[in-house]
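Breakdown of the fold
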Amino acid sequence: MKKVVIVAGGTGGHIYPAIAIAEVLRQEAEVLFITQKGRSSDLLKKEGYKPFILSLEKWNRKAFSSNTLKVALLNTVAIFKSFFFLRQEKPSVVVGMGGFVSFPAIFSSWLLSIPILICEQNAVFGLANRILSRFSREIALSYEETLFLPKNKKTAYIGNPVRRRIGKVSKKDSLFYFGLDPNKNIILIIGGSQGAASINKAVFEILSELSSFQILWMTGGADYPYIKQKVQSRDNVRIFTFLYEMEMAYGASSLVISRAGATALAEIAKCGLPAVLIPYPTACDNHQLENARRYKNGVVIEEKELTAEKLLSAVFTMKDKERLPDQKDSTQNLVFLILEMSNKKQ
């Protein structure tokens, strides 16, 4: 049986597409994961995988700092660990999902002459992928128009993989799961896997104007205690630090307020939900703004222009828009590409 290693970690934006690929790919191949310790490894274990775990830290992009030295040392150790793991497992293809977690394993794969596929989820080609593209055989893109693409590299426009259960749950089942009224519109608020203080603040300021809506609100851990205390008397608001059951949340909702991470947008697009998008302003190369501009069923508010009034106006502009589900099967298309590379290796 073929064997494929997927390297992913950091945020849900890298992990969830990797899980989506594995769901389909494991019907044809044995799938192994390399990731970092923390939420990434926890999510993979929750899905039934036993990942090979590396100790890594994100680089702050400051050349002369203690972080730079620590990152260099951690990556050196991780390269050795990845090298011996890959040499033992002998995969036919290694798939890198981008981000700092990918570097050690992708570099080790190149040293071992294992075919490498790099996946870019965002509309801006990320720094890690720019470096790692030198070692890759192919690059899979989520957006046809992607900025900072390397020259003279074979690319394929695939789209961003989405987990199979996203967009497959009925509205009736989703409403029942959360105990919601089917006669009221439901707003889903997503600040990303870490939450978003600015979005939480703006939403909190307009809560009294949203009394006719039901609200599913993913606050993140930092703001959760404060918001919980303030909204406990509001029957129309459900709050969560984090939601694993996003398929239920999307299924119940008629409108989303969200950051513009590539994976969240791909899932929102799969469900066709109208969206108010507030890109994370300090995302590398402002890639969330570029992602948001490419979403056709939404309005974009840059964080520097975010006010309670603008958010409320956007909500009422989008609340009655129809769903426009994305019919593209990006996950299956990417699996076909991986298997094609695997067959060439053999």
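This text follows the structure it describes.
Attention in this report is confined to the structure presented alongside it. (Residues numbered from 1 in each chain as written. Predicted model: local features only at pLDDT ≥ 70, side-chain atom pairs only at ≥ 80, totals over all residues. Heavy atoms only, no water.)

This paragraph deals with the sheet that holds strand β6 (residues 138–141). Spatially, β3-β2-β1-β4-β5-β6-β7 is the arrangement adopted by the 7 strands of the open sheet, whose pairing is parallel. The two strands at the open ends of the sheet, each matched to only one other strand, are β3 (52–54) and β7 (155–157). With direction set aside, neighbouring strand axes in the sheet form an average angle of 20°. Strand direction decides the pairing type here: strand β2 (residues 29–36) and β3, joined by 3 bridges, are parallel. Note that in β3 the partner of Gln 36 across the bridge is Leu 54. Along the sheet, helix α2 (residues 39–46) makes contact with β2 and β3, crossing β2 at roughly 155°. (Pairing = 2+ DSSP bridges. Helix = DSSP H or I, 4+ residues; strand = E, 2+ residues; numbered from the N terminus. Axes fitted to C-alpha atoms, helices over the stretch in contact; angles between N-to-C directions. Contact = heavy atoms within 4.5 Å.)

The next subject is unusual backbone geometry. It is generally the case that most residues other than glycine have a negative phi and that most peptide bonds are trans. You will see that Lys 90, though not glycine, has its phi angle at about 55°, which is positive. Structurally, the position occupied by Lys 90 is in the loop between α3 (66–89) and β4 (93–96). Under the relative-accessibility criterion, Lys 90 is labelled exposed at 63%. (Buried < 20%, exposed > 50% of the residue type's maximum accessible area, 1.4 Å probe, protein only.)

Right, let's get into the layout of surface pockets. If a probe the size of a water molecule is rolled over the atoms, the empty space left behind becomes visible. Here the second largest pocket defines a volume of roughly 790 Å³. Along its surface, the second largest pocket is lined by 30 residues, and Ala 266, Ala 269, Asp 326, Lys 328 and Ser 330 are the ones closest to its centre. When contributions to the lining of the second largest pocket are tallied by element, the ones reaching two or more residues are α10 (262–271) and α13 (330–345). For the lining of the second largest pocket, the element with the highest residue contribution is α10, accounting for 5 residues. When grouped by side-chain class, the residues that make up the lining of the second largest pocket number 11 nonpolar, 8 polar and 11 charged. (1 Å grid on protein atoms, 1.4 Å probe; cavity = no way out; pocket = protein on both sides within 12 Å on 5 of 7 lines; lining within 4 Å. Points joined across faces, edges and corners; volume = space filled by probe spheres on them. Nonpolar A, V, L, I, M, F, W, Y, C, P; charged D, E, K, R; others polar.)

Let's shift gears to the sheet that holds strand β11 (residues 255–258). Strand order in the open sheet formed by 6 strands is β10-β9-β8-β11-β12-β13, and the pairing between neighbours is parallel. The open sheet has two free edges, formed respectively by β10 (237–240) and β13 (298–300), since each of these has just one partner strand. The mean inter-strand angle of the sheet, taken between neighbouring strand axes irrespective of direction, is 15°. Where β11 lies against strand β12 (residues 275–277), 3 bridges are found, and the strand directions are parallel. Looking at β12, one finds that Ser 258 is bridged to Leu 277.

With that settled, the discussion passes to the packing of aromatic side chains. Overall, the coordinates contain 12 aromatic pairs when judged by the stated rule. Where Phe 204 meets Tyr 226, the ring centres are 6.1 Å apart and the plane angle is 55°; that geometry is what we call tilted. Highlighted residues: Phe 204 in helix α7 (residues 197–206) and Tyr 226 in helix α8 (residues 224–231), separated in sequence by 22 residues. Take Tyr 226: its relative accessible area is 48%, and that puts it in the partly exposed class. On the numbers, 5.0 Å between centres and 80° between planes, the contact of Phe 242 with Tyr 244 is edge-to-face. The partly exposed category is assigned to Tyr 244, whose relative accessible area is 31%. Three or more aromatic residues joined by ring pairs form one cluster here, namely Phe 103, Phe 107, Trp 110 and Phe 135. The aromatic ring of Tyr 16 is capped on one face by Arg 163, whose charged end is 3.9 Å from the ring centroid. Taking the ring centre of Tyr 157 as reference, the NZ or CZ of Lys 328 above it sits at 4.6 Å. (Phe/Tyr/Trp six-rings, centres within 6.5 Å; stacked < 30°, edge-to-face > 60°. Lys NZ or Arg CZ within 6 Å of the ring centre and 35° of its normal.)

Along helix α6 (residues 171–178), the residues classified as buried are Ser 174, Leu 175 and Phe 178. Along the axis of α6, the buried residues cluster in a sector spanning 100°; they form a single face. Along α6, the residues that are exposed and aim more than 90 degrees away from the buried face are Lys 172 and Phe 176. In this structure, the buried residues of α6 make contact with β8 (186–190), β9 (214–218), β10 and α9 (246–252). Taken from the residues just after α6, Gly 179 is the one with a positive phi, measuring 70°. (Arc of directions from axis to C-beta.)

What follows concerns the environment of Ser 102. By the secondary structure assignment, Ser 102 is in helix α4 (residues 102–111). Separated by 74 residues in sequence, Ser 102 and Phe 176 place their C-alpha atoms 39 Å apart. In this view, Ser 102 contacts Val 7, Gly 96, Met 97 and Leu 132; residues no more than four positions away in its chain are not counted. A distance of 3.1 Å separates the side chain of Ser 102 from the backbone oxygen of Gly 98, its partner in a polar contact. (Polar contact = N/O pair within 3.5 Å; in protein donor to acceptor, adjacent residues only side chain to side chain.)

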